[in-house]
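Close look at the chain arrangement
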Amino acid sequence: MKLMLHVAPGIVRQPLIASVILETSALVNIERASIDAVSGEIVLEVPAEKCAVVKEAFERRGVKVVPLEIPVIRDENECVHCGACVSICPTQTFRFEDWRVVADEGKCIQCGACIMGCPQRALKLVLK
Ligand code: SF4
Ligand code: SF4
């Protein structure tokens with residue numbers, strides 16, 4: 001399962017991920033990270049059975065944690081199945097099935113690349 005971490009300015013320079021991995025022994029994968037001197041936005045893939053303990057460990061360190069259950073939404077009425085999002089998405093969230101585009105939203109890491117790439121503006125991110 002994917003977790004979005006919102007890291008506040010006061011703690012962005014702390015080794016948060018390393019300390020949570022050491023504490024929980026979770027096999028965490030960093031799928032996306034946007035970090036600068038003042039804040040951070042990080043998407044982690046965490047084994048389902050470790051999600052609760054990892055989430056709690058980050059929250060104890062002052063990190064806001066949002067499970068990415070439905071990261072991206074497609075408006076079925078607007079989508080024309082052109083396939084632009086299939087080629088743009090770095091995580092293969094979209095694919096063709098019988099000439100129609102289908103989505104596996106669980107793969108989305110909210111990079112945002114498909115949003116501007118859709119000619120129909122049929123995609124939007126679920127931001128929390
Ligand atoms: S780019 Fe937009 S219109 Fe094209 S298949 Fe994807 S969601 Fe549908
Ligand atoms: S935001 Fe769009 S392009 Fe980026 S991972 Fe999610 S579905 Fe793929």
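Just above sits the structure.
Presented here is an overview of the structure given in this document. This is a predicted model, so every value here is computed, not measured. (Residues numbered from 1 in each chain as written. Chains lettered and ligands numbered in written order. Predicted model: local features only at pLDDT ≥ 70, side-chain atom pairs only at ≥ 80, totals over all residues.)

**Looking at the sheet that holds strand β2 (residues 29–35)**
- Here four strands make up an open sheet; going across it, the order is β2-β3-β1-β4 and the pairing antiparallel. What marks the edges here is a single partner per strand, and that holds for β2 and β4 (64–67). The sheet shows a mean angle of 15 degrees between the axes of neighbouring strands, direction not considered.
- Where strand β1 (residues 2–7) meets strand β3 (residues 40–45), six bridges bridge the pair, whose relative direction is antiparallel. Looking across to β3, one finds that His6 is bridged to Glu41. (Pairing = 2+ DSSP bridges. Helix = DSSP H or I, 4+ residues; strand = E, 2+ residues; numbered from the N terminus. Axes fitted to C-alpha atoms, helices over the stretch in contact; angles between N-to-C directions.)

**Describing the packing of helix α1 (residues 16–24) against helix α2 (residues 51–60)**
- Between α1 and α2, whose axes approach to 10 Å, the crossing angle comes to 135 degrees. As judged from the angle between their axes, α1 and α2 are oblique. The chirality of how α1 crosses α2 is right-handed. From α1, Leu16, Val20, Glu23 and Thr24 reach across to α2, where they touch Val53, Val54, Ala57 and Phe58. (Parallel < 35°, antiparallel > 145°, perpendicular 65-115°, else oblique. Left-handed = near helix turned anticlockwise from the far one by under 90°. Contact = placed C-beta atoms within 7 Å.)

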